[in-house]
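Tertiary structure, described
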Amino acid sequence: MMRTFALLNSVSLALAGTVLFDGRFNDMTSSAELDAWSFSNPVGPYQYYIHGPDTAASYVNLDPTFKNPADTGSSKGVKISLTDNAFWNGQNMRRTELIPQTSAAINAGKVFYHFSMSRAATNAPSESHEHQIAFFESHFTEMKSGWQSGAPGTTDPLLRWVVSGSTEWNVTWEADVWHNVAYEIDFSAGSVAFYHSTGADDLALTVPAVPVSASSDGKDWHLGMLELPRDGFPFVNEDIFFSGVYIESGDITLSIASPGRASSPAVSSSTAAVPVATSTAAPVAASSSVAAVPVSSSAPVVVEPSSPIPTPVSTPAPVETSIEASSPSTIAISSPVATPVASSPAVLVPEPSTTFSTAIASATSTPVEDDDEDCEYYE
């Protein structure tokens, strides 16, 4: 039996993914630490410059109750808030966003971007406004919620996974449900796939790889929420919760009990290492053939200053077609222009908008530009 265990452990070590970036807030005691960040003082795991004028605690807060209870690899989660003054650089859209700060190769080869997300019944994201969530600046993959710009009607209850403007998966976004997500991004092959589960369930491949122009400079993935304005629909206070945020290479970790601490970018997925975690529960990793127990190195992520981000530009709204579902199941669609099936009986037929604006602003006391196309909006 000991020989069998040793063999299984050896195989698990060989197949475990390598954590490239650890954004689970385990090393942070308070969001006030974000206030110390600047381009000239790039401390901590995240760049923090896209937010309103107040201190970090007005928009970002950490607490053990803010995480998915099944995520034993995280000591706490984060609440991202959009308040009455969560406007960045004079823009008319509300934004609170964190950007990974790492020199690791999170934008090369095949990598997995992990996070769990939830909302409460209180301060829920408005169903009357478009929200861009956990997005890249080129919008080749992202989550979205609420009424989509250019669509008919006034509200939309769906949470969507969107690829280059096309909805590939959706579900009615209920309160207090943890949605566990992993983007499988193959920067070499030009594709992105979607893993999903809820609660404590292991991730499962929900939408196979979709061709996409996947590109990133390694500092343009925005963990947080951007809300577009809409005439006649005022902003209200909104919160969204994240936990289990990390990026890995190698074989994907399917267990929601996320793996040990981040390794140095130099450590490969086949290297045996000593795990450091907040629980003794061992997470399970999986490849296409063998399930495994991931073990990661405790070496810290290398942090280097990032260059300023340029000015946002706009992209057109997606064209989507929803059909009625006979049951509240969710449907994954891999065609270029998806036909989302909602679990609510409402029929939504979004249409493209033909007008857009470009937001231009200065990020800090030193002029900083931002080229993220995340700032699209429609009037």
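Residues numbered from 1 in each chain as written. Predicted model: local features only at pLDDT ≥ 70, side-chain atom pairs only at ≥ 80, totals over all residues. Heavy atoms only, no water.

Some words on the overall build of the protein chain
Helix and strand counts for the protein chain stand at one helix and 17 strands. Put simply, 71% of the contacts in the protein chain that link residues at least 6 apart link residues at least 24 apart. Summed over all atoms, the accessible surface of the protein chain reaches about 14500 Å², with 57% contributed by carbon and sulfur. (Helix = DSSP H or I, 4+ residues; strand = E, 2+ residues; numbered from the N terminus. Contact = heavy atoms within 4.5 Å. Areas by Shrake-Rupley, 256 points an atom, 1.4 Å probe, with all protein chains shown as cover.)

Digging into the environment of asparagine 92
Positionally, asparagine 92 belongs in the loop between β4 (77–82) and β5 (94–100). Remark: the alpha-carbon pair of asparagine 92 and proline 229, spanning 137 residues in sequence, is separated by 6.6 Å.

Some thoughts on the sheet that holds strand β14 (residues 221–227)
As summarised here, the arrangement of the seven strands in space is β2-β5-β14-β7-β8-β9-β10, forming an open sheet in which the pairing is antiparallel. The outermost strands of the open sheet, each flanked by one partner alone, are β2 (46–50) and β10 (166–172). The sheet shows a mean angle of 15° between the axes of neighbouring strands, taken without regard to direction. Relative to β14, strand β7 (residues 131–136) runs antiparallel, the two sharing five bridges. Looking across to β14, one finds that histidine 131 is bridged to glutamate 227. (Pairing = 2+ DSSP bridges. Axes fitted to C-alpha atoms, helices over the stretch in contact; angles between N-to-C directions.)

Some thoughts on the nonpolar core
In terms of nonpolar packing, the biggest core is built from 50 residues, with Phe115, Met143, Trp161, Tyr183, Ile185 and Phe242 touching the most fellow members. In this structure, Ala70, Tyr195, Leu203 and Ile256 belong to the second largest nonpolar core, which totals eight residues. (Core = buried A, V, L, I, M, F, W, Y, C linked by side-chain atoms within 4.5 Å. Buried < 20%, exposed > 50% of the residue type's maximum accessible area, 1.4 Å probe, protein only.)

Structural notes on unusual backbone geometry
In this structure, phenylalanine 25 is a non-glycine residue whose phi angle is positive, near 65°. Along the chain, phenylalanine 25 turns up in the loop between β1 (18–22) and β2. Backbone geometry places aspartate 176, a non-glycine residue, at a positive phi of 65°. On the basis of relative accessibility, which here comes to 60%, the residue aspartate 176 falls in the exposed class.

Observations concerning the packing of aromatic side chains
Inspection of the entire model under this criterion finds 18 aromatic pairs. Between the aromatic rings of phenylalanine 115 and tyrosine 183, the centroid separation amounts to 5.4 Å while the plane-to-plane angle is 80°, which identifies the pairing as edge-to-face. With phenylalanine 115 in strand β6 (residues 110–118) and tyrosine 183 in strand β11 (residues 179–186), the pair connects residues that are 68 residues apart, well separated along the chain. Arranged with centres 5.1 Å apart and planes meeting at 45°, the rings of tryptophan 169 and phenylalanine 194 form a pair that is tilted. Remark: phenylalanine 194 occurs in strand β12 (residues 191–198) and tryptophan 169 occurs in strand β10; sequence separation between them is 25 residues. Take tryptophan 169: its relative accessible area is 1%, and that puts it in the buried class. Aromatic ring contacts, followed pair by pair, group Tyr113, Phe115, Phe136, Phe140, Tyr183, Phe187, Trp221 and Phe242 into a single cluster. Over the face of the ring belonging to tryptophan 147 we find arginine 230, whose NZ or CZ atom lies 3.5 Å from the ring centre. (Phe/Tyr/Trp six-rings, centres within 6.5 Å; stacked < 30°, edge-to-face > 60°. Lys NZ or Arg CZ within 6 Å of the ring centre and 35° of its normal.)

Examining the environment of tryptophan 178
With respect to the helices and strands, the residue tryptophan 178 is situated in the loop between β10 and β11. Sequence-wise, tryptophan 178 and alanine 70 are 108 residues apart; in three dimensions their C-alpha atoms are separated by 9.5 Å.

Structural notes on the pairing of β7
Burial analysis of β7 places six of its six residues in the buried class, which makes it a mostly covered element. In this structure, β7 lies alongside strand β8 (residues 142–145), joined through three bridges in antiparallel fashion. The residue of β8 that forms the bridge with histidine 131 is serine 145.

Digging into the side chain of serine 191
Counting through the fold element by element, serine 191 comes out in strand β12. Note on serine 191: relative accessible area 12%, which makes it buried. Look past the residues within four positions of serine 191 in its chain and what remains in contact with it is Glu184, Ile185, Asp186, Ala209, Val210, Pro211 and Val212.

Considerations on the pattern of salt bridges
Summed over all chains, the structure comprises seven salt bridges. Here lysine 110 and glutamate 184 are joined by a salt bridge, their closest N and O atoms 4.0 Å apart. Taken together, the residues lysine 110 in strand β6 and glutamate 184 in strand β11 connect sequence positions 74 residues apart. One salt bridge in this structure joins arginine 160 and aspartate 156, with 2.5 Å as the shortest N-O distance. Taking the relative accessible area as the measure of exposure, aspartate 156 reaches 3% and is therefore buried. Among the charged side chains, a salt-bridge network with shared partners connects Arg94, Glu227 and Glu238. (Salt bridge = Lys/Arg side-chain N within 4 Å of Asp/Glu carboxyl O.)

Taken by themselves, the reported measurements are silent on function.
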